[in-house]
Amino acid sequence: MENIDSIALIGGGPAALFVVKHLLSEKAYPNTLYIFEKTSRLGAGMPYSNYGAGFEHVANVSANELPELPEHFSSYIHRHHFKDYPEFIVNGTINEYQVVPRLLLGNYLEEQFNILLREIRKSGVSVKVCTETTVTDISKKQDQHFTIVTHDGNTYKAAKAIVCTGHQWPKIHEERAKGWYDSPYPPSKFTAATNYPVAVRGTSLTAVDAVKTLARLNGIFTEKDNQLQFDLHDTSSNFSLTLFSKRSFLPALRFHSEGSPYSEGWIMSSDEIYEYKNSHNGFVDLDYVFDLNFKQPLKKKNEKFYQEIKDLSIEQFVEKMLQIREELDSFELFKAEYYEAEKSIERHQTIAWKETLSAFSYAVNYPAKHFSAEDMMRLRKTLLPLISVIISSLPQSSYKELIALYNAGLIQLVSVDDESHIEPHTEEGAIYHYTDPTGTKKSEHYRLYIDAIGQQPVQFNDVPFNSLKNDGYISSGYLKFRDIEKGQSLFQQNDQHILKIEPNHYYLRVDGLNINDHFQAVDYYGKADEDLFIMAVPLIAGLNPDYSGLDFCDTAGKRVVETLNRKIV
């Protein structure tokens, strides 16, 4: 087997970790492996380090759900003496079904990365790690190596480049407008009590992170009569939290899962995708994927529920599932779902439709690149709002803290309309403009505002590597309309997301960059670059619509390395 000359991993977090794991498992050894990481640590990335978590933050996965790494998490815990996590580690052991503190998970991932690097060095690979190093540009001349440019002006040459830059939280008004935060990260930027009402935009897990951080600055959680309660500090008597949401849905809670949905068996293979496309006018149909990866697996898990929904369209199914959420008070529904989840965990019985929908959200990534524009629009408008709620898997400990705040009258959820908007206040904080469910227009001033709607896609113009953009090595993602008249109608309405590339051919521009099935970047002319891979989820969110954390990193890393291996065998 011919060795790869050199590989550059741009980013040294979990995505890079799993690439190295699969370089070892596939015996795809480069002569030189470069790793560029902007922080001082490898493996932890943003979510599992001080950049994205404090001691109060927990992952939404448990030890038994982690992808395979050199050492099992329980074994790692046995070998170390952690005093900072008394509720999680008792006498040196853990409950493998309990969610893991994020900072502790980061320590584990960092050690696993170092183990993998020691192993790959033993295989003769020269590993060059550049921490506290930001890559500012990537360039490539025709048929030549990539030139990696770093913040200190140094340059490096590599035959292959894999972009693993992870989360991005751009600052728009933050640091220029007092009391305005474009994200709750890092949580260490919140240092003082806030003796006044606080506005939080969103109800995602990102919003829960913000709530947990601010609550601890203004009060204390205590256990009383087997129930968590929250008491304000004397200096924070005016503190409260208002969550603003367009859909008023709180995250769904973790429940017992009967097995990992994130396996290759759930995914349409490339052969299946192209065979289907060849017999269906060049597209994979969303309805077909929904039946294949949701309805049919659900039939095996829960025949009764399957019979209730088997004849429903995607739109009808979503309407049925969301109806109760729209009818009940969000926090009262939250309580009811907690008891459902608790029963699931106690009885070791899954909630079949939720588990299967989570699996579908993972499986749909792979055929999504082959959807028509119409089906992608349906997916984003109809299914993804429901999926985003269900796959949140909010840990029970986080639920208890939110309910303690709710019972203390310190947190509320306000539903806002699509025209709602926020602007910085001239002196401090923000003004939230919205129309409430009664039709009343409001403009409310908050001295502290946090945008917490979660990771947003990075658009083509915001990709930080100018040479790749300017030289046409990367391009915006797009999908073709099946119905020419539909595309033409939207184009004539001056919809900025609709392109007319050829006579009578219309395309939907989606978020982020264009990639193929192997995560290879597709250039301006529609050709895949065999040497450039994009694994950073915010950069490919349009054609890869699911955010699946460590499982995504593992599966994507395997696909990338398998592609590298096919090239060199």
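For every chain, the first residue of the written sequence is number 1, and numbering continues from 1 along that sequence. Local features in this predicted model are restricted to residues of pLDDT 70 or higher, and side-chain atom pairs are both shown and tallied only at a pLDDT of 80 or more, whereas totals for entire chains, interfaces and linings draw on every residue. Water and hydrogen atoms play no part in the side-chain values, which are based on all heavy atoms of the structure.

A separate point is helix α12 (residues 373–390). What counts as a helix is a DSSP run of H or I of at least four residues, what counts as a strand is a run of E of at least two, and both are numbered from the N terminus. To estimate how far a helix should extend, the number of its residues minus one is multiplied by 1.5 Å. The end-to-end C-alpha distance of α12 is 25 Å, a good match for the 26 Å that 18 residues give at a rise of 1.5 Å each. Counting buried positions along α12 gives 13 out of 18 residues, so the element sits mostly inside the fold. Only protein chains enter the accessibility calculation, which uses a 1.4 Å probe; a residue whose area is less than 20% of its type maximum is buried, one above 50% is exposed, and one in between is partly exposed.

Following the sequence through the fold, Thr 382 ends up in helix α12. Here, residues are in contact when the closest pair of their heavy atoms is within 4.5 Å. For Thr 382, the contacting residues outside a window of four places in its chain are Ile 314, Glu 315 and Val 318.

Criterion used throughout: strands pair if DSSP finds at least two bridges between them. Read from one edge to the other, the open sheet built from three strands follows the order β6-β7-β8, with strand pairing classed as antiparallel. For this open sheet the edge positions go to β6 (135–140) and β8 (155–158), each flanked by a neighbour on one side alone. Between one strand axis and the next, the sheet turns through 25 degrees on average, direction left out of account. In the sheet, β6 pairs with strand β7 (residues 146–150) via five bridges, with the strands oriented antiparallel. Inter-axis angles, ranging from 0 to 180 degrees, are taken between N-to-C directions of lines fitted to C-alpha atoms, where helices are fitted over the stretch in contact.

For the rest of this paragraph, the subject is the packing of helix α10 (residues 352–363) against α12. The contact between α10 and α12 brings their axes to 10 Å, and the two run at 115 degrees. Note that α10 runs across α12; the crossing there is left-handed. Within the contact between the two elements, α10 uses Trp 353, Lys 354, Leu 357, Ser 358, Phe 360 and Ser 361 and α12 uses Leu 383, Leu 386, Ile 387 and Ile 390. Each residue gets one of three labels, nonpolar for Ala, Val, Leu, Ile, Met, Phe, Trp, Tyr, Cys and Pro, charged for Asp, Glu, Lys and Arg, and polar for the others, Gly among them. Of the residues contributing to the contact of α10 with α12, the split by class is seven nonpolar, two polar and one charged. Rotating anticlockwise by less than a right angle from the far helix to the near helix defines a left-handed crossing, while the corresponding clockwise rotation defines a right-handed one.

Right, let's get into the sheet that holds strand β19 (residues 448–451). With respect to topology, five strands assemble into an open sheet ordered β10-β19-β11-β14-β15, the strand pairing being parallel. The two strands at the open ends of the sheet, each matched to only one other strand, are β10 (180–181) and β15 (411–415). Bridge analysis of strand β14 (residues 240–245) against β15 gives five bridges, and the strand direction is parallel. Along β15, the bridge assignment pairs Thr 242 with Gln 412.

This part covers the layout of surface pockets. A pocket here means an open set of points on a 1 Å grid, computed over the protein atoms alone, that has protein on both sides within 12 Å along at least five of seven lines. A cavity is instead a set of points where a 1.4 Å probe fits but cannot get out; residues with an atom within 4 Å of a point line either one. Grid points are joined across faces, edges and corners, and a volume is the space filled by probe spheres set on the points. Considering only enclosed or pocket space, the second largest pocket measures out at about 460 Å³ in volume. If you go around the second largest pocket, you meet 18 residues; those closest to its centre are Lys 277, Lys 369, His 370, Tyr 478 and Leu 479. Secondary structure elements with two or more residues in the lining of the second largest pocket: α5 (270–278) and β20 (476–480). The biggest single contributor to the lining of the second largest pocket is β20, with three residues. A per-class count over the lining of the second largest pocket returns nine nonpolar, five polar and four charged.

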